[in-house]
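Each chain, letter by letter, is given below.
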Amino acid sequence: MNRFIDRSVLRRCLINNGRNFTGKNMLQSPELMDAVVVSNLRLFSQTVMDRDQDFGKFKWRRMMSSGSAAEPASKAPAVKQDEAGTEKKEEGGGQVVLSSYWGISRSKITREDGTEWPWNCFMPWDSYQADLSIDLSKHHVPKNFVDKFAFRTVKLLRIPTDLFFQRRYGCRAMMLETVAAVPGMVGGMLLHLRSLRKFQQSGGWIKALLEEAENERMHLMTMVELVQPKWYERLLVLTVQGVFFNMFFVVYILSPKLAHRIVGYLEEEAIHSYTEYLKDIERGAIENVPAPAIAIDYWRLPKDSTLKDVITVIRADEAHHRDVNHFASDIHFQGKELREAPAPIGYH
């Protein structure tokens, strides 16, 4: 009702130049003049805003001017959600908890002793005890052209590595793991796509190769806790990973048996490098520092484990990857596909 009266008064004022029908000035009071003008300007602005929202013009105004005080109604829930989704810390602890509109949250996970599980990168069921009884001296003797090509390629790749890192085995291991985590991911990805294209089971090899890639990545996460790479080493990692990924991708498409044989020989070199690493630790050239917490939980090591224990279990993992990749290459040499032989799943 007040809006109708104000609008009528303003219309009559504009038509009659501030006078009513009787000719008397109805806006002689400045206070009344200000009240009527402010009230009707507010109504006019609201009317324009409603029209702009109806015809889509207000949206363009908001895009052109982010400082406008007005907000469209559709933005209000998003702002409230952002405010509701801000980080908050639990009382008594320092862990950050994110509230989610979708109700996604990890259930509380504890160790066997009842303490809270601190890692998000892997779960307790992903941890395991490495098989330290595995034969470290096994070697696949090159028998044909493919084997000899793979063997000599790996030996050739070791030359610049030895020249660059020499006996800095911590940095060498970090570089080695950034490369070693690539083949399993490439092989698993290509087998995954093959399975989708041909509607075939993979025989478990997709999971086996992805487990290998994840295990190698955990080696890297452990080594990063022990060795802080310098800027030029990080640059070298970017270069080597970019080149190696694309080269291995092409090789695996052209000849999977060659690709797996190369990885098998790479793992043999890894065993040799970690053996030299252990020798330097035993003779005191490298300090036998306490094992990182992530390594203790991942390999289920005793609480008082040291760097020597960590390198020992990593070397055992590399020996397992050696056997798996030489086995995969042998399957291809027999003229079969990987899916025809059961994959070694569950090692990790």
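Structure first, text after, so check above.
So, here is what we can say about the structure in this document. Note that the coordinates shown come from a computational prediction; the quantities given were computed from them, not determined experimentally.

Analysis parameters
Residues numbered from 1 in each chain as written. Predicted model: local features only at pLDDT ≥ 70, side-chain atom pairs only at ≥ 80, totals over all residues. Heavy atoms only, no water. Helix = DSSP H or I, 4+ residues; strand = E, 2+ residues; numbered from the N terminus. Buried < 20%, exposed > 50% of the residue type's maximum accessible area, 1.4 Å probe, protein only. Contact = heavy atoms within 4.5 Å. Core = buried A, V, L, I, M, F, W, Y, C linked by side-chain atoms within 4.5 Å. Expected span 1.5 Å × (residues − 1). Polar contact = N/O pair within 3.5 Å; in protein donor to acceptor, adjacent residues only side chain to side chain. Patch = residues over 30% accessible without salt bridge, like charges linked within 9 Å, V, L, I, M, F, W, Y side chains within 5 Å. Areas by Shrake-Rupley, 256 points an atom, 1.4 Å probe, with all protein chains shown as cover. Salt bridge = Lys/Arg side-chain N within 4 Å of Asp/Glu carboxyl O. Axes fitted to C-alpha atoms, helices over the stretch in contact; angles between N-to-C directions. Parallel < 35°, antiparallel > 145°, perpendicular 65-115°, else oblique. Left-handed = near helix turned anticlockwise from the far one by under 90°. Nonpolar A, V, L, I, M, F, W, Y, C, P; charged D, E, K, R; others polar. Phe/Tyr/Trp six-rings, centres within 6.5 Å; stacked < 30°, edge-to-face > 60°.

This part covers the side chain of D280. Tracing the backbone shows D280 in helix α9 (residues 256-282). The exposure class assigned to D280 is buried, which follows from its relative accessible area of 2%. With residues near it in sequence (within four places) discarded, D280 still touches R167, Y169, A285 and I286.

We now examine the nonpolar core. A general tendency of soluble globular proteins is for nonpolar side chains to be buried together. Grouped together as the largest cluster of nonpolar side chains are 31 residues, with contacts concentrated most on F122, Y277, W299, V310 and I311. Among the secondary structure elements, those contributing two or more residues to this core are α6 (169-198), α7 (205-226), α9, α10 (293-298) and α11 (307-333). For this core, the element with the highest residue contribution is α11, accounting for seven residues. Setting aside its immediate chain neighbours within four residues, I311 contacts M223, Y274, Y277, L278 and I281. Membership of the second largest hydrophobic core comes to 26 residues, among which are V154, V182, L191 and L338.

Turning next to helix α5 (residues 145-165). With 21 residues, α5 should reach 30 Å at 1.5 Å per residue; the first-to-last C-alpha distance of 31 Å fits that figure. Among all positions of α5, only D147, A150, V154, R158 and F165 are buried. Summarising the contacts, the buried residues of α5 are in contact with α6, α8 (231-254), α9 and α11. The backbone nitrogen of V146 lies 3.3 Å from a side-chain oxygen of the residue at the head of α5, namely N144. Looking one or two residues beyond α5, the residue adopting positive phi is Q166, at roughly 55°.

Side chains of F164, W231, Y232, L235 and L238 sit close together on the surface and give an oily, nonpolar patch of about 580 Å² of accessible area. In terms of residues, the nonpolar patch owes the most to one element, α8, which gives four residues. Tracing the sequence through the fold places L238 in helix α8.

Packing of α6 against α7 leaves a shortest axis separation of 8 Å and a crossing angle of 160°. In terms of orientation, α6 lies roughly antiparallel with respect to α7. The interaxial crossing formed by α6 with α7 has left-handed handedness. Residues that form the contact of α6 with α7 fall into these classes: 13 nonpolar, eight polar and four charged.

Moving on: the pattern of salt bridges. On inspection of all chains with the given rule, the structure shows 14 salt bridges. K279 is the partner of E276 in a salt bridge, and the nearest nitrogen-oxygen pair spans 3.5 Å. Of this pair, E276 and K279 both sit in helix α9, three residues apart, which is roughly one turn of the helix. Residue E276 is classed as buried on the basis of its relative accessible area, which comes to 14%. Of the charged contacts, one joins D323 and R322 as a salt bridge, the two residues approaching to 2.8 Å between their closest N and O atoms. Judged by relative accessible area, which is 23%, D323 ranks as partly exposed.

Okay, the packing of α8 against α9 next. Closest axis-to-axis distance for the α8/α9 pair is 5 Å, and the angle between their directions is 135°. As the angle between them shows, α8 and α9 are arranged oblique. Residues F244, F248, V251, Y252 and L254 of α8 form the contact with α9, whose participating residues are P256, L258, A259, H260, V263 and L266. For the contact of α8 with α9, the class distribution of residues is 10 nonpolar, one polar and no charged.

Below, the discussion takes up unusual backbone geometry. Non-glycine residue F199 carries a positive phi angle of around 55°. Checked against the element boundaries, F199 lands in the loop between α6 and α7. Here F199 falls in the exposed class, since its relative accessible area comes to 77%. Residues other than glycine seldom take positive phi values, yet R300 does so here, at roughly 55°.

Now for the packing of aromatic side chains. Evaluation of the coordinates by the stated rule reveals 12 aromatic pairs. A ring pair is formed by W117 and F122, whose centres lie 5.4 Å apart and whose planes are at 85°; its orientation type is edge-to-face. What makes W117 buried here is its relative accessible area of 5%. What makes F122 buried here is its relative accessible area of 2%. Ring plane angle 70° and centroid distance 5.2 Å describe the contact between F151 and Y265, whose orientation is recorded as edge-to-face. Of this pair, F151 sits in helix α5 while Y265 sits in helix α9; the two residues are 114 residues apart in sequence, bridging distant segments of the chain. Accessibility expressed as a relative area gives 25% for F151, which makes it partly exposed. With a relative accessible area of 2%, Y265 lands in the buried category.

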